[in-house]
Amino acid sequence: MKYKSTIKAEFLYRKNRFIAICKKGFLSLTVYVPNTGRCKELLTEGATVFLTYDDNPNRKTSYTLIAVMKGEKMINIDSQAPNQIVEEALLKNKIDLGFKYNKIKREYTHGDSRFDFYLEGENKKALLEVKGVTLEKNGIVAFPDAPTSRGLKHIKGLINSRDEYLTYLLFVIQMKDVKFFTPNYLTDENFSKGLLEASNNGVKILAYDCLVRRNSLEISEKVPVILEEKWNLD
């Protein structure tokens, strides 16, 4: 996916979950943050960030914070981006699900859960849920960075759908050059244990990293997944 032209700015502080204050030169900018996660290790005072601009008069702020530099690593934090780039990758058959699919549908409801994708092909039906990952420490990436009851509901929904569908949970790592993905037991033990249970019950857990540029984001390569061990990412 591509963004309209972006501008580089300096992060100052986060007023609340959705609004931050950044600085461009001598200008103070009120910026929309499209990520409800904590991102506390990313959105630090003085960090270099990248913003998009939209002059839509119906918006409360014209700027959106889409990426941040953590050292030399650029990390995309746009929570709307993973589903879009997964759809693009699926259409190009860049994600290996173990079967060839020729039908892709977004936002598919089954039971009391709505999943991100429904896929069909080779007389098989599949449900695919997508989660974006921005938390990284020493090359280890983890999800979630804040407790998520919604995420746990999706896990249970995938487990309960195994009789009718192939089921997948795909973690989109919104950065490059990482070692492996793991659930964040310290932040959300229930989700992490649920993820392991899902894997043991036939739900396929996948992780892919991304090529991140200031004006674009795309799925890149598969990343190893380690579910059993508890890693400290605090």
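Just so it is clear, the model here is predicted, and its values are computed rather than measured.

> Give a description of the overall build of the protein chain that names residues and reports values.
Tallying secondary structure elements over the protein chain gives three helices and 15 strands in all. On C-alpha atoms alone, the protein chain measures out to a radius of gyration of 18 Å, which is about the 17 Å that the 2.2 N^0.38 rule sets for 234 residues. C-alpha extents for the protein chain along the principal axes are approximately 60 × 35 × 30 Å. Put simply, the protein chain has 234 residues, and 51% of those count as buried. A sequence separation of at least 24 residues applies to 64% of the contacts in the protein chain between residues at least 6 apart. When the accessible surface of the protein chain is totalled, it reaches about 12,000 Å², and 45% of it is carbon and sulfur. Seen as two clouds, the 37 positive and the 30 negative side-chain charges of the protein chain have centres 3 Å apart.

> Let's hear about the pattern of salt bridges: which residues, and what values?
All told, the structure shown has 10 salt bridges when counted by the stated rule. Among the salt bridges present, the one from Glu107 reaches Arg114, with a minimum N-O distance of 4.0 Å. Where Lys176 meets Glu221, a salt bridge forms, and the shortest distance between an N and an O atom there is 3.0 Å. Of the two residues, Lys176 is situated in the loop between β12 (166–173) and β13 (180–183) and Glu221 in strand β15 (residues 216–222); the sequence distance between them amounts to 45 residues.

> Outline the UniProt feature "domain: SfsA N-terminal OB" (unreviewed entry) in the protein chain, supporting the account with residue identities and numerical values.
Mapped onto the present numbering, the UniProt feature "domain: SfsA N-terminal OB" (unreviewed entry) falls on residues 13–77. Between the C-alpha atoms that bound residues 13–77 there is a distance of 16 Å. The span itself is 0% helix and 49% strand.

> Describe the sheet that holds strand β10 (residues 135–137), listing the residues and the values that go with them.
Taken together, three strands build an open sheet; the order of strands is β10-β11-β13 and the sheet is mixed. In this open sheet, the two strands that pair with only one neighbour each are β10 and β13. Across this sheet, the average inter-strand angle for adjacent strands is 35°, counted without regard to direction. Of the strand pairs in this sheet, strand β11 (residues 140–143) and β13 are connected by four bridges, and their pairing is parallel. Residue pairing across strands places Phe143 opposite Pro183, the latter belonging to β13.

> Provide a residue-level description of the side chain of Asn83, including the pertinent values.
With respect to the helices and strands, the residue Asn83 is situated in helix α1 (residues 81–91). What Asn83 contacts, discounting residues up to four positions off in sequence, is Arg106, Glu107, Asp116, Phe117 and Val130.

> Summarise α1; cite the residues concerned and give the values.
Within α1, the full set of buried residues consists of Ala81, Pro82, Asn83, Ile85, Val86, Ala89 and Leu90. The first or second residue beyond α1 is Asn93, which carries a positive phi of 55°.

> Tell me about the UniProt feature "domain: Sugar fermentation stimulation protein C-terminal" (unreviewed entry) in the protein chain, residues and numbers included.
Mapped onto this numbering, the UniProt entry gives "domain: Sugar fermentation stimulation protein C-terminal" (unreviewed entry) at residues 80–214. With 26% helix and 41% strand, residues 80–214 has its two end C-alpha atoms placed 16 Å apart.

> Can you tell me about the sheet that holds strand β7 (residues 103–110), naming the residues and giving the values?
Spatially, β7-β8-β9-β12-β14-β15 is the arrangement adopted by the six strands of the open sheet, whose pairing is mixed. Two strands in the sheet have a free side with no partner beyond their single neighbour: β7 and β15. Pairs of neighbouring strands in the sheet enclose a mean axial angle of 35°, with direction left out of account. With five bridges joining them, β12 and strand β14 (residues 204–213) adopt parallel strand pairing. Looking at β14, one finds that Leu170 is bridged to Leu206.

> Just give me the short version of the pairing of strand β8 (residues 113–121), but keep the residues and values in it.
The element β8 is extensively covered by neighbouring structure, given that seven of its nine residues are classed as buried. Pairing between β7 and β8: seven bridges, direction antiparallel. Each bridged residue has a counterpart across the sheet, and for Lys103 the counterpart in β8 is Glu120. What sits between the antiparallel neighbours β7 and β8 is a turn of two residues, in which Gly111 has the positive phi angle 65°. Relative to strand β9 (residues 124–133), β8 runs antiparallel, the two sharing five bridges. Bridge assignment links Glu120 to a residue of β9, and that residue is Lys125.

Parameters at a glance
In this convention, every chain numbers its residues from 1, walking through the sequence in written order. Thresholds applied to this predicted model are a pLDDT of at least 70 for local features of residues and 80 or more for the giving and counting of side-chain atom pairs; totals over whole chains, interfaces and linings are not thresholded and use all residues. To obtain the side-chain values, all non-hydrogen atoms of the structure were included, while hydrogens and water were left out. Only DSSP runs of H or I with at least four residues qualify as helices, and only runs of E with at least two residues qualify as strands; both kinds are numbered from the N terminus onward. Computation of the radius of gyration draws on C-alpha atoms alone. For the globule rule, the value is 2.2 Å times the number of residues to the power 0.38. Under the scheme applied here, a residue whose accessible area is under 20% of the maximum for its type counts as buried, over 50% as exposed, and between as partly exposed, the area being computed with a 1.4 Å probe on protein chains only. Contact criterion: two residues are considered in contact whenever any of their non-hydrogen atoms come within 4.5 Å of each other. Here the Shrake-Rupley method, with its probe set to 1.4 Å, supplies the accessible areas, and only the displayed protein chains count as covering residues. Note that His is not counted, nor are the chain ends; the positive residues are Lys and Arg, and the negative ones are Asp and Glu. Here the site of a charge means NZ on Lys, CZ on Arg, CG on Asp, or CD on Glu. Any carboxyl oxygen of Asp or Glu that lies within 4 Å of a side-chain nitrogen of Lys or Arg is treated as forming a salt bridge with it. UniProt positions are given in the numbering used here, feature names are shortened, and annotations may be inferred rather than shown by experiment. Here, any two strands with at least 2 DSSP bridges between them count as paired. All axes here are fitted lines through C-alpha atoms, helices being fitted over the stretch that makes contact, and every angle between N-to-C directions spans 0 to 180 degrees.

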